[in-house]
Protein chains: 2
Amino acid sequence: MSEPKPPGSDRKRSVTSYDVARLAGVSQSAVSRCYKPGASVSQKTRAKVERAAKALGYQPNALARSLITSRSNSVAVIISNLTNLYYPEVLAQLSQNFSQRGIRVLLFALESESEVDSALSQIWQYQVDGVVCAAKLTKDQITEFSDRAIPLLFYNRQAGSHAASAVCCDQADGSHVLCEGLLRAGHTSFALLKGPADSVVGTEREDSARAALERAGIETITELKGDFSYEGARDAIRRFMESDASLPDAIICVNDVSAIGAMDTLRNEFGVAIPEQVSVVGFDGVGPSGWSSFDLTTIRQPVRRMTRAAVDMILERVETPELANEKRVFSGIFMRGNSARIDMAD
Amino acid sequence: MSEPKPPGSDRKRSVTSYDVARLAGVSQSAVSRCYKPGASVSQKTRAKVERAAKALGYQPNALARSLITSRSNSVAVIISNLTNLYYPEVLAQLSQNFSQRGIRVLLFALESESEVDSALSQIWQYQVDGVVCAAKLTKDQITEFSDRAIPLLFYNRQAGSHAASAVCCDQADGSHVLCEGLLRAGHTSFALLKGPADSVVGTEREDSARAALERAGIETITELKGDFSYEGARDAIRRFMESDASLPDAIICVNDVSAIGAMDTLRNEFGVAIPEQVSVVGFDGVGPSGWSSFDLTTIRQPVRRMTRAAVDMILERVETPELANEKRVFSGIFMRGNSARIDMAD
DNA sequence: TTGAAAGCGGTACCAG
DNA sequence: CTGGTACCGCTTTCAA
């Protein structure tokens, strides 16, 4: 620290703790301490520093701080398809919860799961403290997290053999509840409007529904291929209606948007009455499922509790890296709408 | 740099350029150069470094880099209400465009506009290169951006007297087009389902609609208070229908979600036929506006072009800070649905 | 082309 | 409680 500070070399540098120190007439260390939560600074010093800081508009440089503390106070959130209508709420809640706890959110909104690699590469470089992931990762990718000792939490994805923590909605239970209700109401023929084959969430819901129906002795279940989207559902229903198959009593849809697409198409293109001729059920409890045109019978995911849990769990593991992974499963909430004839147990 | 490196002090440090240098048998500077685009490194050196880096799983620390270059390669995106159904697409597009250009996105999803201050404070500390803002800022807040020389771009908000750049959809023009079409089709009595009073986007649309109607000699326009949401629209319609006013020929809604709420309520609660008894128009062109239950007549915002422009403009200004602010206005696209009787000029 | 050394803006440990 | 000083991991002159 010689004195290469002859005024006149006014580069566009932003104001640093040294500037504040000089103006306040204290050491740079003193300034630093004023911004550290549990530090011991006298009232007088603190006051001088605060005045100087305000005068200069000083804000500590988070990057420099992170460099030395090796804590960036930021987490990455990876979401595979934001346009899914279910994720915006998740993201909003995550973002707000993290914000309240002073954590910045780096968003990676993937258009396709193939972009995962580039996202991860950015994540490694950026020294995030943890990652919340609502996309599928390969085993190797998951391993890299533990190698780098970065806490990873899956949101509604399987934590493949507990290599990471996870927060999930109980997909199987939700589907089960719906199927039981439909069976109890006397439905005997069923169709299953599925999601993309590579979606774990989707297949869990589908498998559970299939299992519940088969247990009840239902043997033929028409399977329709969808992709979580309105259009996918519409096309699937069109294909089905143009075949000569007869209408099932109920259609179990992999998610709400599919269910809405199915309802709309059945009603508006084929004049099918819902729920009189066909019962339709969904899954998720997204906003539009409550719109009066649909009034969908569905399972609502407790998004707020799930996101809060996700934030708690990941931050706990940032604080205490040796903490074991944990999986928390939340039951969905049955929403009785008017899109299905259904009898609940109680 | 003495040698305090007797093996055994294995702290959980991550692998640095020094580690790579040692393994590759070159200087740390050489390693650094290999990661700088236009640097001069011999083939041989580069090869050695690359092998070592791969072996160690080295990734440069972006924070350290940013500290010295004073470029974080990250931008902040501020969005006031992500649950708006219009914003998720915007956010997804912004995120993808930035990602492709190697820029990280820090997300600030505000629940209420009062959280702006805390978001800004985080933004200052984080040394972002630029900010895209879809929320209202005060004059002082805008000024702080120019004081700190951080490029700011508003998305669909007025850039108050050109203190910042902006990308907007032409709200006034869109409303105008819709009103003209409705007038041409012979509608003579109108209701305006408004947004929150403090929304600039909303009032622009409303003012333009009002002006177009008044120019055509329409004098009484029923104004209904909404808040951009389905529920707000539903409640407004209920209040209206429970008054003894007679149905207008057309309802001009401030956005699609309001329009959907209005349609649903009119149809399903009051048995009003749309568009036979009432025409309904919206604004935005969100996904659900195309669902067959609604098939909304609306103005679609060219989101992809707008977000691309936003990304281009902000990054241009990061590269070239002296660039003047700019405002780019995009015309919306008329979407002829079946929710309104409407005649277009051509 | 290469390596040495001086920082970027903080934090943390140290003696006083 | 305070100031001095060694770093965090990288980029960037500057000589060699």
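Residues numbered from 1 in each chain as written. Chains lettered and ligands numbered in written order. Predicted model: local features only at pLDDT ≥ 70, side-chain atom pairs only at ≥ 80, totals over all residues. Heavy atoms only, no water.

> Describe the overall build of chain A, and please don't skip the residues or the numbers.
When its secondary structure is counted, chain A shows 12 helices and 12 strands. At 27 Å, chain A has a C-alpha radius of gyration far larger than the 20 Å of a compact globule built from 346 residues. Summarising its shape, the C-alpha atoms of chain A cover approximately 90 × 40 × 40 Å along the three principal directions. The burial tally for chain A puts 51% of its 346 residues in the buried class. A sequence separation of at least 24 residues applies to 70% of the contacts in chain A between residues at least 6 apart. Total accessible area computed for chain A in this model is approximately 15700 Å², and 48% of it derives from carbon and sulfur atoms. Side chains of chain A give 39 positive and 42 negative charges; the mean places of these two sets differ by 14 Å. (Helix = DSSP H or I, 4+ residues; strand = E, 2+ residues; numbered from the N terminus. Rg over C-alpha atoms; globule rule 2.2 N^0.38 Å. Buried < 20%, exposed > 50% of the residue type's maximum accessible area, 1.4 Å probe, protein only. Contact = heavy atoms within 4.5 Å. Areas by Shrake-Rupley, 256 points an atom, 1.4 Å probe, with all protein chains shown as cover. Lys, Arg positive; Asp, Glu negative; His and termini not counted. Charge placed at Lys NZ, Arg CZ, Asp CG, Glu CD.)

> Any details on the sheet that holds strand S11 (residues 327-330) of chain A? Residues and values, ideally.
The 12 strands are arranged S11(A)-S5(A)-S4(A)-S3(A)-S1(A)-S2(A)-S2(B)-S1(B)-S3(B)-S4(B)-S5(B)-S11(B) in an open sheet whose pairing can be described as mixed. A single partner strand is all that each edge strand has here, and the edge strands are S11 of chain A together with strand S11 (327-330) of chain B. The sheet shows a mean angle of 20 degrees between the axes of neighbouring strands, taken without regard to direction. As paired elements, strand S5 (residues 165-169) of chain A and S11 of chain A share 4 bridges and run parallel to each other. (Pairing = 2+ DSSP bridges. Axes fitted to C-alpha atoms, helices over the stretch in contact; angles between N-to-C directions.)

> Can you break down the sheet that holds strand S6 (residues 190-194) of chain A residue by residue, with the values?
Residue and element names in this part refer to chain A. The sheet built from 4 strands is open, its strands ordered S7-S6-S8-S9 with parallel pairing. The sheet is open, and its two borders are formed by strand S7 (221-225) and strand S9 (279-281), each paired with just one other strand. Ignoring strand direction, the axes of neighbouring strands in this sheet form an average angle of 20 degrees. Direction of pairing for S6 relative to strand S8 (residues 250-253): parallel, over a ladder of 4 bridges. If you follow Ala-191 over to S8, its bridge partner there is Ile-251. Helix H9 (residues 200-215) rests against S6, S7 and S8 of the sheet, and its axis sits at about 170 degrees to S6.

> Residues and numbers for the domain arrangement of chain A, please.
Its domain assignment divides chain A into domain 1 (17-56), domain 2 (69-169 + 303-331) and domain 3 (171-301). A straight line from the C-alpha centre of domain 1 of chain A to that of domain 3 of chain A covers 63 Å. (Domains from an automatic or database assignment.)

> Tell me about the relation of the copies chain A and chain B, residues and numbers included.
Once chain A is rotated about the relating axis by 180 degrees and shifted along it by 0.0 Å, it coincides with chain B to within an RMSD of 0.1 Å. Such a combination of rotation and displacement between the chain copies is what one expects of a two-fold axis. The C-alpha atom lying nearest the rotation axis in chain A is that of Leu-106 of chain A; the distance is 2.3 Å. (Least-squares fit on C-alpha atoms with pLDDT ≥ 70 in both.)

> How would you sum up the interface of chain A and chain B? Please name residues and give values.
Contacts between chain A and chain B engage 47 residues on the former and 47 residues on the latter. Across the chain A/chain B interface, buried area totals approximately 4600 Å², and carbon plus sulfur atoms make up 58% of it. Among the residues chain A hides against chain B, the three largest losses belong to Leu-63, Tyr-126 and Trp-291 of chain A. Together they make up 16% of the total. Notably, a salt bridge pairs Glu-111 of chain A with Arg-304 of chain B, separated by 3.8 Å at the nearest N-O pair. Inspection of the region where chain A meets chain B yields 21 residue pairs in polar contact (both at pLDDT 80 or more). (Buried area = accessible area lost by both parts, 1.4 Å probe. Salt bridge = Lys/Arg side-chain N within 4 Å of Asp/Glu carboxyl O. Polar contact = N/O pair within 3.5 Å; in protein donor to acceptor, adjacent residues only side chain to side chain.)

> Any details on the packing of helix H4 (residues 62-69) of chain A against helix H4 (residues 62-69) of chain B? Residues and values, ideally.
At a closest axis distance of 9 Å, the pairing of H4 of chain A and H4 of chain B adopts a crossing angle of 135 degrees. Relative to H4 of chain B, the element H4 of chain A lies oblique. The way H4 of chain A lies across H4 of chain B gives a crossing that is left-handed. Contacts between H4 of chain A and H4 of chain B involve Leu-63, Ala-64, Ser-66 and Leu-67 of chain A from the former and Leu-63, Ala-64, Ser-66 and Leu-67 of chain B from the latter. Here the residues of the contact of H4 of chain A with H4 of chain B are counted per class, giving 6 nonpolar, 2 polar and no charged. (Parallel < 35°, antiparallel > 145°, perpendicular 65-115°, else oblique. Left-handed = near helix turned anticlockwise from the far one by under 90°. Nonpolar A, V, L, I, M, F, W, Y, C, P; charged D, E, K, R; others polar.)

> Account for the protein's contact with DNA strand C, with residues named and values stated.
Around DNA strand C sit 28 residues, and of these Gln-28, Ser-32 and Arg-65 of chain A together with Arg-33 and Thr-45 of chain B come closest. Counting only atoms of DNA strand C within 4 Å of the protein, the fraction found in sugar and phosphate groups is 58%. Contacts to DNA strand C include Ser-32 of chain A, whose side-chain N or O atom sits 2.3 Å from a phosphate oxygen. In this structure, a phosphate oxygen belonging to DNA strand C sits 3.3 Å away from a side-chain N or O atom of Lys-36 of chain A. (Near = heavy atom within 4 Å.)

> Break down the environment of Arg-305 of chain B for me, with residues and values.
All names here are of chain B. Take Arg-305: it is sitting in helix H12 (residues 303-319). In the structure, Arg-305 is positioned 30 residues away from Pro-275 in sequence and 31 Å away in space, judged by C-alpha atoms. Arg-305 has contacts with Phe-330 and Ser-331, leaving out every residue within four places of it along the chain.

> Run through the protein's contact with DNA strand D, naming residues and quoting values.
Around DNA strand D sit 25 residues, and of these Ser-42 and Thr-45 of chain A together with Ser-17, Ser-32 and Arg-65 of chain B come closest. Each atom of DNA strand D within 4 Å of the protein belongs either to a base or to sugar and phosphate, the latter forming 61%. The contact in question runs from a phosphate oxygen of DNA strand D to an N or O atom on the side chain of Lys-36 of chain B, over 3.3 Å. Counting only elements with at least two residues in the surface near DNA strand D, the list comes to helix H2 (28-34) and H4 of chain A together with helix H2 (28-34) and H4 of chain B. The leading source of residues in the surface near DNA strand D is H4 of chain B, at 4 residues.

> Before we move on, could you go through the packing of aromatic side chains and cite the residues and values that matter?
A complete count under the given rule lists 13 aromatic pairs over all chains for this structure. For the pair Tyr-230 of chain A and Trp-291 of chain B, a centre-to-centre distance of 5.1 Å together with 0 degrees between the ring planes defines the contact as stacked. Note that Tyr-230 of chain A is positioned in helix H10 (residues 230-242) and Trp-291 of chain B in the loop between strand S9 (279-281) and strand S10 (298-300), a pairing that runs across two chains. Ring centres of Trp-124 of chain B and Phe-145 of chain B lie 4.9 Å apart, and the angle between their planes is 70 degrees; on these two criteria the pair is classed as edge-to-face. You can see Trp-124 of chain B sitting in helix H6 (residues 116-126) and its partner Phe-145 of chain B sitting in helix H7 (residues 139-148), a full 21 residues away along the chain. (Phe/Tyr/Trp six-rings, centres within 6.5 Å; stacked < 30°, edge-to-face > 60°.)

> I'd like to hear about the environment of Ala-191 of chain A, residue by residue, with values.
Residues and elements named next belong to chain A. Relative to the helices and strands, Ala-191 resides in strand S6. Taking the C-alpha atoms as reference points, Ala-191 and Val-280, separated by 89 residues in sequence, lie 9.6 Å from one another. Not counting chain neighbours up to four residues away, the residues in contact with Ala-191 comprise Thr-222, Leu-224, Pro-248, Ala-250, Ile-251 and Ile-252.

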